[in-house]
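So the chains spell out like this:
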Amino acid sequence: MREEKRNKLLILYASQTGNALDAAERIGRESERRGCPVVVRPVDDYDARCLPEEDTVIFVVSTTGQGDTPDSMKVFWRFLLQKSLSKQWLEGVRYAVFGLGDSGYQKFNFVAKKLDNRLLDLGATAVVERGLGDDQHPSGYEGALDPWMRSLWRRLHQIDPSFFPQGPDHVIEEMKLIDQPKVHITYHSIDNAASRLSNASDLEGIRMQLETARSMSAGKLSNYNNKAVCFLKMIKNQPLTKSGSGKDVHHFEFEFVSAAIEYEVGDVLEILPSQDPAAVDTFIQRCNLDPDALITVQHKEMKNYLPDIHKNTTEVPIKLRTFVELTMDVTSASPRRYFFEVMSYFATAEHEKERLQYFASPEGRDDLYKYNQKERRTVLEVLEDFPSVQMPIDWLVQLVPPLKTRAFSISSSPLAHPNQVHLTVSVVSWTTPYKRKRTGLCSVWLAGLDPQQGIYIPAWFQKGSLPRPPPSVPLILIGPGTGCAPFRGFVEERAIQSSSGPAAPIIFFFGCRNEDDFLYRELWLSHSLNDGVFSEAKGGGFYVAFSRKQPQKVYVQHKMLEQSQRIWNLLLSKASIYVAGSATKMPSDVWSTFEEIVSKEGEASRDSAANWLKALQRAGRYHVEAWS
């Protein structure tokens, strides 16, 4: 069986946002250009029991959150951790690991590192040292990917020259490998399709269009098939911050207009944002497409392994404009490097062709990163910068980044607000290095909605990193800024629970710059009075750190140290810790503060305190939900 697999590389990827998929496809293209065929598969589409039968496997994996595996890798990883697997299980199998991460996070590329170590433990042989892509690099993850691939090709050629018959540096003429896109677009007559959709009600018609369009993009939308879509209607849009505060945070309330979905505090709501209709129209005109054309999209590679859920939906044609609007991010996401490479083949102006070829080359990588990713240029902006390029629709469907859902921590309790779900959202805006104003697609769209419009908002509920605590467990909550969002739901729920029976105390450490961005001020203070959840009578506490109110900055860590004894007593009473907010420094700073408290109050060394906290984490009593 091994002999049949010689000279072919298996590339398995685990992606959360799409970067690992892009990197895996790029490794695949570069291998094929050197004469070695590849199979590129998502790791959740691969049977891990077959690993011992493989010859050479390349893993491309991202790290999410606080060192977490991507959702698509969780089953595969659990299988690899089985104690029944021997140390010789993968003997004779060669592998390489490339990881994607961000060195601004405490557990940089943690998934790639632990996968590499586990494969070694199981007897596999590393072809090259693992590669670690870093979002902080001036060229993003590609700054590490390019040199890592060069090492990979040379080492594979040394191991077995038949991988690359003409050598690791000999590249086949690229045009031969770029003539066939991976998707096929079929156009349909109007009469045929109209009868299939004519009986749908308004809401049902929207649902069918959404399901049809996004199921056609299943190859690019991670885990879409596992989600049940529901529709929400906004009933409240309330600014929480004062004008001129430097921050723009809104409280949103939604009602279910389709069947209500059961959720718990700590869960996450994913929303599909709407793109600017004028920009979508401009994109369609720029690409010389017919917005009213009826199409179906088929992924050539996926013909034989699409889940059953698609068998009915993918046969129903959809308007081209609707497909673009619901699945192709033409107004906010930056295209990938391969987009520029393919564009170069369709450029008719020589100066545009040369510039695009330069951007797609290793020499132009840094300049492309400055032009594209750092400036967050959209697909539409890039196409407008290269007017001679006329890309066929199948290439556009394949290469335009998918329109992704945006995830938000839910800030309500279903016990307090039946048939509703609430969010606390910071409206995102920033200035690029070239002083261009950019904004977040979803947050700006939500902030601009008028509840009177009655717009149907597609949404999906997911489990987050903060499990619902039972009423008997004391809670230590740390949530600066919009990190307070999930804890609004926690507090609402604990208040209801304490009104009908005994409930354990909560202490909450909140942080903001000053009174102007003191989110939910009245709510927190009201729960600090009388018999509120934070009141002394209930054994609770609410502590706010203002970082800009006084000359010396005060953060949640300082307030935690002031309450060191109280925190320690709660921990001894089996309290659980919940941390939410910005993913950069805050989680690691809070962890260090807990180490200091445990070391001081428990009269232990710093190392012992760290180990004690790790044991708390393993016991399910230390939870973090952080976002960029």
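Rules of the game
- Residues numbered from 1 in each chain as written.
- Predicted model: local features only at pLDDT ≥ 70, side-chain atom pairs only at ≥ 80, totals over all residues.
- Heavy atoms only, no water.
- UniProt positions renumbered as here; feature names shortened; annotations may be inferred.
- Helix = DSSP H or I, 4+ residues; strand = E, 2+ residues; numbered from the N terminus.
- Polar contact = N/O pair within 3.5 Å; in protein donor to acceptor, adjacent residues only side chain to side chain.
- Buried < 20%, exposed > 50% of the residue type's maximum accessible area, 1.4 Å probe, protein only.
- Salt bridge = Lys/Arg side-chain N within 4 Å of Asp/Glu carboxyl O.
- Contact = heavy atoms within 4.5 Å.
- Right-handed = clockwise from strand over helix to strand, strands pointing away.
- 1 Å grid on protein atoms, 1.4 Å probe; cavity = no way out; pocket = protein on both sides within 12 Å on 5 of 7 lines; lining within 4 Å.
- Points joined across faces, edges and corners; volume = space filled by probe spheres on them.

**A short note on the UniProt feature "binding site: FMN" (unreviewed entry) in the protein chain**
- Within this numbering scheme, the UniProt entry marks Ser15, Gln16, Thr17, Gly18, Asn19, Ala20, Ser62, Thr63, Thr64, Gly65 and Asp135 as carrying the feature "binding site: FMN" (unreviewed entry).
- With respect to the secondary-structure elements, Gln16 resides in the loop between β1 (9–14) and α1 (19–33).
- A polar atom in the side chain of Gln16 sits 3.0 Å from the backbone nitrogen of Asp71.
- Along the polypeptide, Gly65 turns up in the loop between β3 (56–62) and α2 (74–80).
- For Gly65, a relative accessible area of 37% puts it in the partly exposed group.

**With respect to the pattern of salt bridges**
- All chains considered together, the criterion is met by 35 salt bridges.
- Measuring nitrogen to oxygen at the nearest pair gives 3.9 Å for the salt bridge that ties Glu142 to Arg26. Pair noted here: Glu142 is in helix α4 (residues 142–159) and Arg26 is in helix α1, with a separation of 116 residues, a long-range link. Like Arg26, Glu142 is buried.
- The salt bridge involving Glu341 is made with Arg33; its shortest N-O contact spans 2.3 Å.

**Quick notes on the environment of Phe461**
- The residue Phe461 is located in strand β17 (residues 456–462) in this model.
- Note on Phe461: relative accessible area 15%, which makes it buried.
- Distance from Phe461 to Val229, taken between C-alpha atoms, is 8.2 Å for residues 232 residues apart in sequence.
- Not counting chain neighbours up to four residues away, the residues in contact with Phe461 comprise Cys230, Phe256, Ile261, Tyr263, Val268, Leu269, Ile410 and Val421.

**Quick word on the side chain of Ser62**
- Tracing the backbone through its elements, the reader meets Ser62 in strand β3.
- For Ser62, a relative accessible area of 9% corresponds to the buried category.
- Discounting chain neighbours no more than four positions away, the residues touching Ser62 are Ala14, Ser15, Gln16, Ala20, Asp68, Pro70, Leu100 and Val111.

**Re the pairing of strand β20 (residues 541–546)**
- By the criterion of burial, β20 is predominantly enclosed, with six of the six residues buried.
- Burial along β20 is two-sided: the residues Gly541, Tyr543 and Ala545 and Phe542, Val544 and Phe546 are all buried.
- This β-α-β element, strand β19 (residues 506–512) to helix α17 (residues 521–526) to β20, shows right-handed connectivity.

**Re the UniProt feature "domain: Flavodoxin-like" (unreviewed entry) in the protein chain**
- As recorded in UniProt, the feature "domain: Flavodoxin-like" (unreviewed entry) lies at residues 9–153.
- The distance separating the terminal C-alpha atoms of residues 9–153 is 11 Å; by composition the span is 32% helix and 22% strand.

**Focus on empty space enclosed by the protein**
- On inspection of all chains with the given rule, the structure shows six cavities of 30 Å³ or more.
- Roughly 50 Å³ of internal volume is contained in the largest cavity.
- What lines the largest cavity is Arg494, Ser498, Ala503, Ala504, Pro505, Val533 and Lys538.

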